[in-house]
Amino acid sequence: METIAPTLDPPADTLPDAVRIAPQDDVAIALRALDAGETIAVAGQVVTLIDSVGRGHKFALRPIAAGEPVRRYGWPVGSATQAIAAGNHVHSHNLRTNLKVEEPYSFVPLSTGDRAPSDTRWRFDGYRRADGSVGTRNEIWVIPTVGCVARTAERIAKQAGDRHAGRVDAVLAFPHPLGCSQLGDDLDGTARLLAALASNPNAGGVLLIGLGCEENQLAALLERIPSERRDRVRSVGAQISADEYAAAESAIDALVAIAAQDRRETVDIGALRLGLKCGGSDGLSGITANPLIGRAADVVTAAGGQAILTEIPEIFGAERLLMQRAADEPVFDALVALVNRFKRYFIDHGEPISENPSPGNVAGGITTLEEKSLGAVQKGGHATVTDVLAYGETLRRPGLTLLEAPGNDAVSTTALAAAGATMTLFSTGRGTPLGSPIPTLKLATNHDLARRKPGWIDFDAAQVLDDGLDATTDVLMARICAIASGEPARNELNDERDIAIWKRGVTL
């Protein structure tokens, strides 16, 4: 298996009706709604449609026998369940997954040749931290240890935000319902996630507020935060404070006094920590937004920066494309262990590993998990996989990191921020207002979504079809640098700054 490299035709004066991604493909993707009986020219051949085909959906370019593999991106995305004629719509009614629970993996590294040179054009103005990281924001974060003081944290942040308006970028609370009635690994995951979040470079200061009787004890949580970050962390225990609001006010005032001295400085794009995410995917995600995000990840990592790919169940069927890019055998072994651990997670809960795509994905034209995964992994570009992190761990190495987290949008975007991402690129074909603690740029996969939802969408990635991947990458990188330098992303303008914690265990 080689890395996917879509071979789209150069942009034309008018948008084509359909596109074939790779020369080996058995299907083409409709770029507009196509009617039965239309004659479509694609990839040097002409096909007359037998069925109507929605935008983002597939139609066969040649006859496919029952049981035969069906290829998209140059690789099988499933097998035909019945004979398919050229011009037939290819979807859930005639295509099934080939995913298996247990598969053999071997370390066969891909020879990538010389590393692409760093593109020195791209810089941004960020906040340099004592540990060497660079934030894209300078905010005060109020993080509750437990759900019992979640509303308290919100009130504290609101009052402090009004009091210190203009001195820092924002004062924000991140309420959640967990931290108590949890046991073992489940409790440990919550504590690790919150401590990691408190260490994000975008936080110029952090107030931890606890109740007092919860399992997620405040003192233990503080011990998890690296020593070089603790001068910017304060804590308040609500049960032991005569007035928790007064104590919190004093703590935040002290944090703001420190953070208000911070100033942006111009840094290379290699200082960016980029989270990579997709949600509400459609049939165009793997053609426009995801390859474009992959280009941005390549720019950042080539400059010595860090990019983080997660949503592990959404690489099933495409994991070998990442495994062959492992920097060494220990990284390969860690990635194999992560994939198998996540497959076991499904099996232990009595669920098939192919229980994906979502209804929205299916409506948008994605049929099998292999198809979704082959499109999704393109967000990682062509960078070497240098590290694999467990849920709640933080970035350690430059390059592309794989992070343990599910596909759920809220949980995975939170995990990216906790891992240390200072901005997330989020591709979507269906649209979502969801945000995370950090700037969360939404890239629309199609023009229609970008036009209909300008309040949600930061960038129209369907420009790839109009202007080509190279030109659109430059436009996106300019947008990334502007937002990293302080221009608000849509999730920030809309106050969509929530967190969600992955709960995996018993609730007492």
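Above this text is the structure in question.
Residues numbered from 1 in each chain as written. Predicted model: local features only at pLDDT ≥ 70, side-chain atom pairs only at ≥ 80, totals over all residues. Heavy atoms only, no water.

Draft legend 1. Geometry of the sheet that holds strand 5 (residues 58–60). Pairing is antiparallel in the open sheet, where four strands are placed in the order 1-2-5-8. Looking along the sheet, the strands with just one partner apiece sit at the ends: strand 1 (18–19) and strand 8 (89–90). Relative to strand 8, strand 5 is paired through two bridges, and the arrangement is antiparallel. By the bridge assignment for strand 8, Phe59 is matched with His89. (Pairing = 2+ DSSP bridges. Helix = DSSP H or I, 4+ residues; strand = E, 2+ residues; numbered from the N terminus.)

Draft legend 2. Structural detail: the pairing of strand 15 (residues 233–237). Bridging between strand 14 (residues 203–210) and strand 15 involves five bridges; their strand directions are parallel. Within strand 15, the position partnered with Leu208 by the bridge is Ser235. Note that the unit made of strand 14, helix 3 (residues 218–224) and strand 15 has a crossover that is right-handed. (Right-handed = clockwise from strand over helix to strand, strands pointing away.)

Draft legend 3. Looking closely at helix 1 (residues 150–163). The end-to-end C-alpha distance of helix 1, which contains 14 residues, comes to 20 Å, matching closely the 20 Å that a straight helix rising 1.5 Å per residue would cover. Turning to helix 1, its buried residues are Ala150, Thr152, Ala153, Ile156, Ala157 and Ala160. Along helix 1, the residues classed as buried sweep out an arc of 150° about the axis, all on the same side. What points out from helix 1, more than 90 degrees from its buried face, is the exposed set Arg151, Lys158 and Asp162. (Expected span 1.5 Å × (residues − 1). Buried < 20%, exposed > 50% of the residue type's maximum accessible area, 1.4 Å probe, protein only. Arc of directions from axis to C-beta.)

Draft legend 4. Main features of the pattern of salt bridges. The tally for this structure, following the rule as stated, stands at 35 salt bridges. The partner of Arg62 in a salt bridge is Asp26, with the nearest N and O atoms 2.8 Å apart. Here Asp26 lies in the loop between strand 1 and strand 2 (27–30) and Arg62 lies in the loop between strand 5 and strand 6 (69–72), a separation of 36 residues in the sequence. Residue Arg62 is classed as partly exposed on the basis of its relative accessible area, which comes to 26%. (Salt bridge = Lys/Arg side-chain N within 4 Å of Asp/Glu carboxyl O.)

Draft legend 5. Here's a closer look at the packing of aromatic side chains. Applying the stated criterion across every chain, the model contains nine aromatic pairs. Centre to centre, the rings of Trp141 and Phe174 are 5.1 Å apart; their planes meet at 90°, and the pair counts as edge-to-face. Note that Trp141 is positioned in strand 12 (residues 139–144) and Phe174 in the loop between strand 13 (170–173) and helix 2 (184–198), a separation of 33 residues in sequence. For the pair shown, Trp141 and Phe174 are each scored as buried. (Phe/Tyr/Trp six-rings, centres within 6.5 Å; stacked < 30°, edge-to-face > 60°.)

Draft legend 6. Inspection of the environment of Leu469 at higher detail. Structurally, the position occupied by Leu469 is in helix 13 (residues 469–484). Overall, Leu469 belongs to the partly exposed group, its relative accessible area being 25%. Taking the C-alpha atoms as reference, Leu469 lies 10.0 Å from Ala289; in sequence the two are 180 residues apart. Leu469 has contacts with Pro291, Leu292, Arg295 and Val464, leaving out every residue within four places of it along the chain. (Contact = heavy atoms within 4.5 Å.)

Draft legend 7. Representation of the packing of helix 2 against helix 10 (residues 409–419) within the structure. The interhelical angle for the contact between helix 2 and helix 10, taken along N-to-C directions, is 55°, at an axis separation of 7 Å. Comparing the axis directions of helix 2 and helix 10 gives the class oblique. Taken together, the residues of helix 10 that come into contact with helix 2 (itself represented by Leu193, Ala196 and Leu197) are Thr414, Ala415, Ala417 and Ala418. Considering only residue class, the contact of helix 2 with helix 10 consists of six nonpolar, one polar and no charged. (Axes fitted to C-alpha atoms, helices over the stretch in contact; angles between N-to-C directions. Parallel < 35°, antiparallel > 145°, perpendicular 65-115°, else oblique. Nonpolar A, V, L, I, M, F, W, Y, C, P; charged D, E, K, R; others polar.)

Draft legend 8. Broad picture of unusual backbone geometry. The backbone phi angle of Tyr73 is positive, close to 60°, even though this residue is not glycine. Mapped onto the secondary structure, Tyr73 falls in the loop between strand 6 and strand 7 (75–80). Although it is not a glycine, Asp495 adopts a positive phi angle of roughly 55°. Residue placement: Asp495 occurs in the segment after helix 14 (490–493). Residue class for Asp495 comes out exposed when judged on its relative accessible area of 56%.

Draft legend 9. Structural context of the nonpolar core. Within the largest apolar cluster, 113 residues are counted, with the highest numbers of intra-cluster contacts made by Trp141, Ile143, Ile269, Phe316, Leu425, Leu443 and Ile480. For this core, the leading source of residues is helix 7 (residues 329–348), giving eight residues. Leu443 has contacts with Ala289, Leu292, Ile293, Leu425, Phe426, Ser427, Thr428, Phe459, Ala461 and Leu476, leaving out every residue within four places of it along the chain. In this structure, Ala160, Val168, Val236 and Val256 belong to the second largest nonpolar core, which totals 18 residues. (Core = buried A, V, L, I, M, F, W, Y, C linked by side-chain atoms within 4.5 Å.)

Draft legend 10. Representation of a nonpolar patch on the surface. Taken together, the side chains of Leu183, Val506 and Leu508 make up a nonpolar region of the molecular surface, amounting to roughly 310 Å² of accessible area. Judged by relative accessible area, which is 59%, Leu508 ranks as exposed. (Patch = residues over 30% accessible without salt bridge, like charges linked within 9 Å, V, L, I, M, F, W, Y side chains within 5 Å. Areas by Shrake-Rupley, 256 points an atom, 1.4 Å probe, with all protein chains shown as cover.)

Draft legend 11. Looking closely at the sheet that holds strand 9 (residues 95–96). Spatially, 6-7-9 is the arrangement adopted by the three strands of the open sheet, whose pairing is antiparallel. Looking at which strands have only one partner, the edges of the open sheet turn out to be strand 6 and strand 9. Summarising the sheet, strand 6 and strand 7 pair through three bridges and their orientation is antiparallel. Opposite Pro69, over in strand 7, you have Ser79 as the bridge partner. Relative to the sheet, helix 9 (residues 369–376) contacts strand 6 and strand 7, its axis offset from that of strand 7 by approximately 165°.

Draft legend 12. Up close: the packing of helix 5 (residues 289–302) against helix 13. As a packed pair, helix 5 and helix 13 sit with axes 10 Å apart at the nearest point and diverge in direction by 65°. The handedness of the crossing between helix 5 and helix 13 comes out as right-handed. In this structure, helix 5 contributes Pro291, Leu292, Arg295, Ala296 and Val299 to the contact, and helix 13 contributes Leu469, Asp470, Thr472, Thr473, Leu476, Met477 and Ile480. In terms of residue class, the contact of helix 5 with helix 13 is built from eight nonpolar, two polar and two charged. (Left-handed = near helix turned anticlockwise from the far one by under 90°.)

Draft legend 13. A look at the pairing of strand 6. Only one face of strand 6 is covered, namely the face carrying Val70 and Arg72; the face carrying Pro69 and Arg71 is uncovered. In sequence, strand 6 turns back onto strand 7 through a hairpin of two residues, with Tyr73 there showing a positive phi of about 60°.

Draft legend 14. Empty space enclosed by the protein, seen in detail. Applying the stated criterion to the full structure yields two cavities of 30 Å³ or more. Classifying every residue of the lining of the largest cavity by side-chain character gives four nonpolar, six polar and four charged. Quantified by volume, the second largest cavity comes out at close to 30 Å³. The wall of the second largest cavity is formed by Ile156, Gln159, Ala160, Arg163, Tyr245, Ala248, Glu249 and Ile252. Elements represented by at least two residues in the lining of the second largest cavity include exactly helix 1 and helix 4 (244–259). Residue composition of the lining of the second largest cavity, grouped by class: five nonpolar, one polar and two charged. (1 Å grid on protein atoms, 1.4 Å probe; cavity = no way out; pocket = protein on both sides within 12 Å on 5 of 7 lines; lining within 4 Å. Points joined across faces, edges and corners; volume = space filled by probe spheres on them.)

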